[in-house]
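# Topology and contacts: notes
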Amino acid sequence: GVGALPGLVCSVSGCTEVCLTDVESVLPGLRQNVDSFAGSVKASDGVVQSAEVGCRALDWGSEEELKAASQRPFDIVIGCDLLNSEGNIAPLLRVIQSVSAEDATVVLVDSVRTPLSDKAFRKEFEDGGFILKDIDSEAFDPLFHHANIDATLVVRRR
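Model, not experiment: these values are computed from the prediction.

The description of two packed helices rests on the angle between their axes and on the distance between the axes. Running from N to C, helix α4 (residues 89–99) and helix α5 (residues 115–127) point in directions that differ by 35°, and their axes come no closer than 10 Å. Where α4 crosses over α5, the two elements pack in a sense that is right-handed. On α5, the residues that touch Ile89, Ala90, Leu92, Leu93 and Ile96 of α4 are Ser117, Ala120, Phe121, Glu124 and Phe125. Classifying every residue of the contact of α4 with α5 gives eight nonpolar, one polar and one charged.

Rendered as C-alpha cells:
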C-alpha cells in the first residue's frame, strides 16, 4: 500500500525521526516497504540525508499501545485515509491526542468524507480541543490535485 509513503518522504525531507504505525498484522509488509525504499533512494550528488524510520504497531483500541505511543509525542503527525468510517472518528481523536505534542502540526488527508461524516469529524475534534483548517486542494501540485481528496490541518486550541 501507499500508507507509508508520506512518512518515507518525510524521512528524506529533513525530519530527524520517523515512526510509521499500523496494525500488527501489516507490519511485516510495512517494514519490507521501508527497507526497499531505503535501498533505492539516491540524491543527484550521491549523498542522501535520511532519518531513521521505525515501524510499530498501534491499535487504536489498545490502552497499552496508546500509553506507550504517548511517551514520546511527535511534532508532526500525518494521517492518510483514516476516516473511512464514522466509527473511526473518536478513536482517531484519542490517537491524535496521545501521539501529538502540544504544538504539533497534524495533517489528515482522506478521500472525500460524506457531509454527515465530515460534520461528525469536525464536531468531535473541535470538542476535543482542536482547531480544524481545510487545506485547499487547488494549492496542490496539479499532479496531486483531485476533487475527491480532503486535507485538513489540525492544531490544538491554545
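This is not the end of the story, as more comes after the structure.
Our focus in this paragraph is the sheet that holds strand β4 (residues 100–111). Here four strands make up an open sheet; going across it, the order is β3-β4-β6-β5 and the pairing mixed. Two strands lie at the open edges of the sheet, namely β3 (74–80) and β5 (130–135), each paired on one side alone. Averaged over neighbouring strand pairs, the angle between their axes works out to 20° when direction is ignored. Across six bridges, β5 lies against strand β6 (residues 149–156) in antiparallel orientation. Residue pairing for β6: Phe130 is matched across the bridge by Arg156. Along the sheet, α4 makes contact with β3, β4, β5 and β6, crossing β4 at roughly 145°. α5 rests against β4, β5 and β6 of the sheet, and its axis sits at about 140° to β5.

Reading guide: rules and limits
Residues numbered from 1 in each chain as written. Predicted model: local features only at pLDDT ≥ 70, side-chain atom pairs only at ≥ 80, totals over all residues. Heavy atoms only, no water. Axes fitted to C-alpha atoms, helices over the stretch in contact; angles between N-to-C directions. Helix = DSSP H or I, 4+ residues; strand = E, 2+ residues; numbered from the N terminus. Left-handed = near helix turned anticlockwise from the far one by under 90°. Contact = heavy atoms within 4.5 Å. Nonpolar A, V, L, I, M, F, W, Y, C, P; charged D, E, K, R; others polar. Pairing = 2+ DSSP bridges.

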